[in-house]
Each structure stands twice: as C-alpha cells, then as structure tokens.
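Observations on chain architecture
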Amino acid sequence: MPEADREGERYAVDQPQQTPGFYLKGSHQLDWGMKNRMARVFDPRSGRTVMLAIDHGYFQGPTTGLERIDLSIVPLLPSCDALFCTRGILRTLIPAQCQKPMVLRASGGPSILRDELSDEQIAMDMDDAVRLNAAGVGIQVFIGGEHETRSVHNMTRLVDAGLRAGVPVMGITAVGKTMVRDAKYFRLACRIIAELGAQYVKTYYVDDGFETVTASCPVPIVMAGGKKLPELEALTMAYNAVQQGASGVDMGRNIFQSEAPQAMIEAVAAVVHKNATPRQAFELFRSLKADAARATANVAAE
Ligand code: R5P
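This one's a predicted model, so the numbers in the text were calculated from it and none came from an experiment.

When you go through the protein residue by residue, the secondary structure sums to twelve helices and ten strands. In terms of overall dimensions, the protein has C-alpha extents of about 70 × 40 × 40 Å along its principal axes. Within the protein, buried positions represent 51% of all 302 residues. Within the protein, counting contacts between residues at least 6 apart in sequence, those at least 24 apart form 66% of the total. With the model as given, the accessible surface of the protein reaches about 14700 Å², and the carbon-plus-sulfur share is 51%. If the 32 positive side-chain charges of the protein are averaged to one point and the 34 negative ones to another, these points end up 3 Å apart.

Below is the structure:
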C-alpha cells in the first residue's frame with residue numbers, strides 16, 4: 001500500500017475563497033446553464049439554500065413523515081428553496097406547476113434490508129433529468145466503503161453527463177454504519193468529491209473542525225440533517241454549519257419528522273438566510289407552531 005502524505009494543517013478558515021464574477025464558491029468558471037441551475041437552488045440574495053430532502057424512500061420505503069408525500073410535503077414546497085427527491089416521487093406526487101427547483105436522486109441499488117449499502121449504481125439517465133427540467137442531480141459517494149471505487153466512478157460518469165447537459169451534480173458523502181464521522185473523514189470525502197468534479201457537496205455536520213471541512217472544499221457544501229433531534233438542537237446544528245462556511249442545508253428528517261414541519265422549515269430558513277441565532281429561530285418555531293395549533297383548533301370548532 002502506498003504511503004499516504006500527511007494531511008495538511010493550513011486551512012486559513014478566516015480567508016474566504018475568492019469567486020470573481022459569481023456569488024457561489026467554485027462556480028464562477030462554469031457555463032451559463034450550469035450557473036443558472038445553481039442560482040435556482042442557491043438563493044442569490046444570501047448565497048445559501050434550504051433544500052428539503054425527501055429522497056429517503058429510495059432505499060428505505062415509506063419513511064416516517066414521508067408515508068404520504070402529497071399530504072405532508074407538498075404543503076411545505078412554498079417554504080423551501082429546492083426539493084431533493086426521486087424521479088418517481090416527482091412524476092407521481094409533485095405538481096408540475098410547482099416553480100421550485102428540483103434536484104433528483106440519481107443513485108440507487110441496495111435497500112435497507114442489506115447490510116452493505118455502498119453497492120449502488122447510477123439509477124437515472126441524465127436525459128431524464130433534463131426531460132424533468134431538473135436543477136441538479138444527487139449521488140451517494142462511499143469514500144472508504146466496500147464499493148468505494150464503483151461509487152466514485154458512478155459520480156464521475158454522472159459529472160461527465162452533467163457537464164454535457166449543463167446539470168450540476170451534488171456529491172453526497174455517504175457514511176457506512178461503521179465509519180468514523182469526524183472532520184478528518186469529511187475533509188477527505190468532501191475534497192475527493194469536489195476534485196472529481198461535483199459542483200457541490202452534501203455532508204454531515206461535526207462539532208469539532210467543521211470549518212476546516214468547508215475551507216478545504218472548493219465548492220459549496222450543504223449540510224445534511226441526519227437523525228431527528230429536538231428542534232433547538234437541529235437549529236443550532238444548522239446555525240453552526242452555515243456560520244462555519246456551509247452554503248445552506250439539505251435537510252429532511254429534522255423538518256418532516258418535526259411535530260410542526262411548517263414551523264420548523266421557516267425556522268431553518270431564518271437561520272440559513274437571515275443568520276437568525278438558534279434561540280431566535282427556536283422562538284420563531286414555537287410561535288409559528290402555536291399559531292398553527294390555534295388555526296387547527298378554530299377549524300375544528302367551526
Ligand atoms: C439519505 O440517504 C438521503 O440522501 C437524505 O437526503 C439525506 O440523508 C438528508 O436527509 P436527512 O436530513 O434526513 O439526513
């Protein structure tokens with residue numbers, strides 16, 4: 001086995017990467033169509049996004065909160081900047097008149113019934129993404145996983161197809177059940193994904209050193225939410241992520257499994273776009289939740 005170089009230490013987190021002529025990190029030399037699709041996902045006013053991730057069914061079926069996407073998710077669409085979903089859900093349940101940008105899950109294979117989830121393949125043609133007017137596609141990359149090389153190759157093939165069509169690829173750091181989730185791992189995974197051509201990366205937040213993950217990745221990073229947390233904790237995590245250089249979130253369970261998903265997505269948006277503190281966002285969550293409860297009680301009383 002070749003000897004690996006020691007990982008670098010000079011991240012200069014206080015010196016933002018320059019992006020002359022365009023507002024998004026690493027995107028300023030992309031073609032017009034690619035930039036335009038990126039600008040549909042990342043709000044040009046804040047440079048950030050609240051992407052709502054609802055693709056979980058692609059390997060685990062009707063996940064809690066996603067049993068009826070028509071009832072639970074469609075009402076949230078006006079409050080997100082983009083939706084991350086599968087083409088099956090897009091074609092069957094998302095109204096075609098919806099103006100929100102759609103980022104489509106483009107990998108798949110093993111289901112939750114298998115121990116090894118890294119055995120994925122490309123699961124959608126770029127032609128279909130274009131046909132569906134997608135603003136981007138997303139694919140899992142299993143750095144360090146059993147099928148690491150295949151998942152990297154899946155992504156690079158998708159990136160090649162995306163470059164031909166002008167469709168950005170979001171590479172997703174997929175963490176196996178036994179993988180250590182620390183900044184060192186995510187620096188490695190995010191950097192590999194960016195070096196091999198993804199236009200942006202989705203990854204998890206880590207408490208220690210997340211700013212080095214964003215600083216050493218030359219393209220925008222969006223934070224995946226992970227398992228459901230109490231709302232204040234989830235808002236704190238999103239706040240820390242954007243303050244430490246993330247260009248927004250691609251969050252699922254912490255929104256759609258919240259007891260008040262509409263209030264939660266508005267609170268997340270306040271953190272992402274308005275730099276609301278976790279406490280301010282949590283107060284917003286509580287007040288919107290109370291408003292919604294009153295409205296429901298009034299309807300029931302009528
Ligand atoms: C999971 O495999 C999917 O890629 C999700 O899109 C991703 O994990 C983000 O959703 P959550 O915030 O629920 O973790």
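Around the ligand, the structure places 15 residues, and the nearest of them are Asp 55, His 56, Lys 202, Gly 252 and Arg 253. Measuring from an oxygen atom of the ligand, one finds a side-chain N or O atom of His 56 at 2.7 Å. A distance of 2.8 Å is found between an oxygen atom of the ligand and a backbone nitrogen or oxygen belonging to Gly 252. Taken by itself the ligand offers 360 Å² of open surface, and the protein chains cover 96% of this. For the shell around the ligand, the elements supplying multiple residues, two or more each, are strand S8 (200–204) and strand S10 (248–251). By residue class, the composition of the shell around the ligand is five nonpolar, five polar and five charged.

This part is about helix H9 (residues 231–243). Counted at 1.5 Å a residue, the expected span for H9 with its 13 residues is 18 Å, and the 18 Å between its end C-alpha atoms agrees. Among the residues of H9, those classed as buried are Glu 231, Ala 234, Leu 235, Met 237, Ala 238, Ala 241 and Val 242. With its buried residues spanning 155° around the axis, H9 presents them on a single face. Buried residues in H9 make contact with helix H8 (210–215), strand S9 (221–224), S10, helix H10 (253–256), helix H11 (261–274) and helix H12 (278–301). Two residues or fewer after H9 comes Gly 245, characterised by a positive phi angle close to 105°.

So, about the sheet that holds strand S7 (residues 169–173). Within the closed barrel, the eight strands sit side by side as S1-S2-S3-S6-S7-S8-S9-S10. Their pairing is parallel. Taking the axes of each pair of neighbouring strands and ignoring which way they run, one obtains an average angle of 25° across the sheet.

With that out of the way, let us pick up the packing of H9 against H11. Relative to each other, H9 and H11 sit at 25°, their axes nearing to 9 Å. Between H9 and H11, the crossing angle belongs to the class labelled roughly parallel. Where H9 crosses over H11, the two elements pack in a sense that is right-handed. Listed contacts from H11 to Glu 231, Ala 234, Leu 235, Ala 238, Tyr 239 and Val 242 of H9 are Met 264, Ala 267, Val 268, Val 271 and Val 272. Taken together, the residues of the contact of H9 with H11 break down into ten nonpolar, no polar and one charged.

Conventions used here
Residues numbered from 1 in each chain as written. Predicted model: local features only at pLDDT ≥ 70, side-chain atom pairs only at ≥ 80, totals over all residues. Heavy atoms only, no water. Helix = DSSP H or I, 4+ residues; strand = E, 2+ residues; numbered from the N terminus. Buried < 20%, exposed > 50% of the residue type's maximum accessible area, 1.4 Å probe, protein only. Contact = heavy atoms within 4.5 Å. Areas by Shrake-Rupley, 256 points an atom, 1.4 Å probe, with all protein chains shown as cover. Lys, Arg positive; Asp, Glu negative; His and termini not counted. Charge placed at Lys NZ, Arg CZ, Asp CG, Glu CD. Near = heavy atom within 4 Å. Polar contact = N/O pair within 3.5 Å; in protein donor to acceptor, adjacent residues only side chain to side chain. Nonpolar A, V, L, I, M, F, W, Y, C, P; charged D, E, K, R; others polar. Expected span 1.5 Å × (residues − 1). Arc of directions from axis to C-beta. Pairing = 2+ DSSP bridges. Axes fitted to C-alpha atoms, helices over the stretch in contact; angles between N-to-C directions. Parallel < 35°, antiparallel > 145°, perpendicular 65-115°, else oblique. Left-handed = near helix turned anticlockwise from the far one by under 90°.

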